[in-house]
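Listed here are the chains, written in short residue letters.
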Amino acid sequence: MTHSYDLIVIGSGMGSLTASALLAKLGTKIGILEQNYLPGGCTSSYWRKGFTFESGATTLVGLDKNMPLNYVLKQTGIKLNARHLPLSMQVHLRNDKIINRYQPLDQWIAEAERVFGKKGQAEFWRKCYKISQFVWDTSIKQRNFPPANFSDLIDAVKNANLSQVLNSRYSLVRTSDFIKKHGLHENEDFMEFINEQLLITAQNYQEEVNLLFGATALCYTNYGNYYIDGGLINLVTPFIDYIKEREGELHLRTEVQHIEKVDSGYLIKTNKGEFQSKMILSGIPINNLLEIYPPIISKYKSQIMDSPKLNSAFQMGIGFKSNKEFESIHHQIHLVEPLAGVGAKSIFLSLSHPEDYSRSDATGMRVASISTHVPDPQNNIVDEKIAEEAVINILEGKGFLRREDVVYQHSSSPRSWEKWTGRAFGFVGGYPQYFSIKPWQMIESRVDGQGMYQCGDTSYPGQGIPGTTLSGIIAVEKMMKDKRIK
């Protein structure tokens, strides 16, 4: 039996779900194909040994005015039950100083001056925040970006204003040069702080990240950070429910093996049979799409990133008896020595909210999610047992938990990630920012010009829930512009 839809969506990450929800609202008959047994991709949660663990992302940003998730919720009416976090994050430096990443800009500047000294801090952060506001405001207004044809360019010019013209120059400035301009490059603690913060949100360091994206990445804690009880699967579920209510269908454990272009649209061959559709939206990495749809290889030959340019992750989940409270649930810990078994310079820790009792089937329990980057995942082998032991030692030394209170722990390396997500090399976090790749050169939504589109964290602009959500918005905009959707 061949299932037929107006649109087949490959993968169920936030880019895919964003586009699917917006299109379902317009009456498009949608079929979502997800290779895993749970929807959400790298934004999901799973139950194991009495605890709910996050499958990837642990931070939720994007609900502020002019930000992508806010836009989608307003367009669809989808409701989220999210807790606002008073303190976005704490950063633990190697010198044992703790930095509070406050959301209000003035409060954050005062904190940065307390830790790093007053020289250049206020001017640097005010400018970064102003650039970040410009990026989010422009991203929602310029939904045809990056322009791929003359029509896109005309629309971009029509929607342009003086601010966009003036601020676009920051895509040609390295974040490292901007730091040097403010006399902050000789501040060793500050430079370490910036590099490790950029690695979370831009997947690269200051020398490679242009200021347009660098400033936005550095200021993501100056926007609302939220937590959803029960894990981020409860961000995904309202989108799935919305799509199903509008006759969309979700097919789990359905892996796409090959795509053929046919007269009526596309024939999609999977392990569960064949599907047919007029259009396709791919929410999987472009690396994976090339394997199942070879005709596009020549188009993406110069844009594709292989393992040496990508990052995967070592991730660890811990269920433990809680013995204290913390000012923040998110912590970046800079390491005196590289993490044993991995080699990373920092780890990121997210704790379940103290008032979220749904993450465990026993009282008095908390869940910890720990992650760190693994560069060139195809060629780097992680020793999980050594890394797990090192993480426990670090967390115990910092007072987050006691070894004897750990009830359950498990970990995953790049090979585990590749199996769980199906993503090439097990890479996560999207394509890293590289200075040689300008914003207008990033992978755009149209794949073959015949009805296939792309979203997700390898298409513009990538990076985190706000970026992947924006990629879904842009894909829908271009479908409508191309008159694929009525």
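> Help me understand the layout of surface pockets, please; the structure alone is not making it clear to me.
Leftover empty space is mapped by rolling, across the atoms, a probe with the size of a water molecule. Considered as a void within the structure, the second largest pocket measures approximately 490 Å³ in volume. Lining the second largest pocket are 21 residues; nearest its centre among them are Thr138, Gln142, Phe145, Gln164 and Ser168. Sorting the residues of the lining of the second largest pocket by element identifies α4 (121–141), α5 (150–158), α6 (162–167) and α9 (211–218) as the ones contributing at least two each. Ranked by residues supplied to the lining of the second largest pocket, first place goes to α4 with 4 residues. Taken together, the residues of the lining of the second largest pocket break down into 15 nonpolar, 6 polar and no charged.

> How should the state of the cysteines be read in this particular structure?
In a disulfide, the sulfur atoms of two cysteines are covalently bonded to one another. For the structure shown, the criterion picks out 0 disulfides. Left without a disulfide partner, Cys128 is nearest to the cysteine sulfur of Cys219, which lies 5.2 Å away. Take Cys128: its relative accessible area is 0%, and that puts it in the buried class.

> Where do I start with the sheet that holds strand β17 (residues 365–375) in this structure?
Reading across the sheet, the 7 strands line up as β8-β7-β15-β16-β17-β14-β18 and stay open at both edges, with mixed pairing between neighbours. The open sheet is flanked by β8 (98–102) and β18 (406–412), the only strands paired with a single partner. The mean inter-strand angle of the sheet, taken between neighbouring strand axes irrespective of direction, is 20 degrees. The sheet contact formed by strand β16 (residues 346–351) and β17 spans 4 bridges and is antiparallel. Counterpart to Leu351 in the pairing with β17 is Ala368.

> Sorry, what's going on with empty space enclosed by the protein here?
Scanning the model with the defined rule gives 3 cavities of 30 Å³ or more in all. Approximately 60 Å³ is the volume attributed to the largest cavity. As for the largest cavity, its lining consists of Glu54, Thr58, Tyr227, His330, Ser350, Leu351, Ser352, Arg359, Val367 and Ser369. Within the residue set of the lining of the largest cavity, elements represented by two or more residues are β16 and β17. For the lining of the largest cavity, the per-class residue count stands at 3 nonpolar, 5 polar and 2 charged. Here the second largest cavity is characterised by a volume of approximately 40 Å³. Around the second largest cavity, the lining residues are Glu54, Thr58, Tyr226, Tyr227, Ile228, Gly231 and Leu232.

> What am I meant to see in the pattern of salt bridges here?
Proximity of charged atoms lets side chains of opposite charge pair with each other. Applying the stated rule across the entire model yields 20 salt bridges. Between Arg423 and Asp457 there is a salt bridge, with the nearest N and O atoms lying 2.9 Å from each other. Within this pair, whereas Arg423 is found in the loop between α14 (414–421) and β19 (452–454), its partner Asp457 is found in the loop between β19 and α15 (464–481), the two being separated by 34 residues in sequence. Residue Glu444 is joined to Lys478 by a salt bridge in which the shortest nitrogen-to-oxygen separation is 2.5 Å.

> It is not clear to me how the pairing of strand β11 (residues 256–262) should be interpreted in this structure. Could you clarify?
In regular strands, side chains alternate between the two faces of the sheet. As judged from the 6 bridges shared by β11 and strand β12 (residues 265–270), these two strands associate in the antiparallel manner. Paired with His258 across the strands is Lys269, a residue of β12. Counted along the chain from β11 to the antiparallel partner β12, the turn is 2 residues long.

> Quick question: what am I supposed to make of the environment of Gly13 here?
By secondary structure assignment, the location of Gly13 is in the loop between β1 (2–10) and α1 (14–25). Placed 237 residues apart in sequence, Gly13 and Leu250 show a C-alpha to C-alpha distance of 12 Å. Those residues within four positions of Gly13 in sequence are excluded, and the remaining contacts are Gly40 and Gly41.

> I tried to follow the pairing of β18 on my own but got confused; where do I start?
The buried count for β18 comes to 5 of 7 residues, which makes it a mostly enclosed element. In terms of strand pairing, strand β14 (residues 311–321) meets β18 through 6 bridges, oriented antiparallel. Following the sheet pairing, Met316 is matched in β18 by Ser411.

> What am I meant to see in the packing of helix α8 (residues 188–201) against α9 here?
How two helices pack is summed up by the angle between their axes together with the distance between the axes. Packing of α8 against α9 brings their axes to within 9 Å, and their N-to-C directions diverge by 95 degrees. By the angle class used here, α8 and α9 are roughly perpendicular. Of the residues in α9, those in contact with Ile194, Gln197, Leu198 and Thr201 of α8 are Gly214, Ala217 and Leu218. Classifying every residue of the contact of α8 with α9 gives 4 nonpolar, 3 polar and no charged.

> Is there a simple way to explain α9 in this structure?
Quick reminder: α-helices carry 3.6 residues per turn. Residues three or four places apart thus point the same way. Along α9, 8 of the 8 residues are buried, which leaves the element largely enclosed by surrounding structure. Taken together, the buried positions of α9 are occupied by Leu211, Leu212, Phe213, Gly214, Ala215, Thr216, Ala217 and Leu218. If you check the start of α9, you find a side-chain oxygen 3.0 Å away from the backbone N of Leu212, and it comes from Asn210.

> What exactly am I supposed to notice about the environment of Asn379 here?
Relative to the helices and strands, Asn379 is located in the loop between β17 and α13 (384–397). A polar side-chain atom of Asn379 sits 3.0 Å from a polar atom in the side chain of Asp376.

> I would appreciate a short explanation of the packing of aromatic side chains in the present structure.
When we look at a pair of aromatic rings, we describe it by the centre distance and by the angle of the planes. Going through the model one piece at a time under the given rule, you end up with 17 aromatic pairs. On the basis of an interplanar angle of 85 degrees and a centroid distance of 5.6 Å, the ring pair of Phe124 and Phe190 is categorised as edge-to-face. You can see Phe124 sitting in helix α4 and its partner Phe190 sitting in helix α8, a full 66 residues away along the chain. Phe190 sits in the buried class, given a relative accessible area of 0%. Between Tyr129 and Tyr223, the ring centres sit 5.6 Å apart and the planes meet at 35 degrees, which makes this aromatic pair tilted. Taken together, the positions of Tyr129 in helix α4 and Tyr223 in the loop between α9 and β9 (225–228) put the pair 94 residues apart, joining distant regions of the chain.

> For this particular structure, what's the right way to read the sheet that holds strand β6 (residues 82–84)?
Whether parallel or antiparallel, the strands of a sheet pair through hydrogen bonds between backbone atoms. Pairing is antiparallel across the open sheet formed by 3 strands, whose spatial order is β5-β9-β6. What marks the edges here is a single partner per strand, and that holds for β5 (60–61) and β6. Note that β6 and β9 share 3 bridges and pair antiparallel. Residue pairing across strands places Ala82 opposite Ile228, the latter belonging to β9.

So, how was this worked out
- Residues numbered from 1 in each chain as written.
- Predicted model: local features only at pLDDT ≥ 70, side-chain atom pairs only at ≥ 80, totals over all residues.
- Heavy atoms only, no water.
- 1 Å grid on protein atoms, 1.4 Å probe; cavity = no way out; pocket = protein on both sides within 12 Å on 5 of 7 lines; lining within 4 Å.
- Points joined across faces, edges and corners; volume = space filled by probe spheres on them.
- Helix = DSSP H or I, 4+ residues; strand = E, 2+ residues; numbered from the N terminus.
- Nonpolar A, V, L, I, M, F, W, Y, C, P; charged D, E, K, R; others polar.
- Disulfide = S-S within 2.5 Å.
- Buried < 20%, exposed > 50% of the residue type's maximum accessible area, 1.4 Å probe, protein only.
- Pairing = 2+ DSSP bridges.
- Axes fitted to C-alpha atoms, helices over the stretch in contact; angles between N-to-C directions.
- Salt bridge = Lys/Arg side-chain N within 4 Å of Asp/Glu carboxyl O.
- Contact = heavy atoms within 4.5 Å.
- Parallel < 35°, antiparallel > 145°, perpendicular 65-115°, else oblique.
- Polar contact = N/O pair within 3.5 Å; in protein donor to acceptor, adjacent residues only side chain to side chain.
- Phe/Tyr/Trp six-rings, centres within 6.5 Å; stacked < 30°, edge-to-face > 60°.

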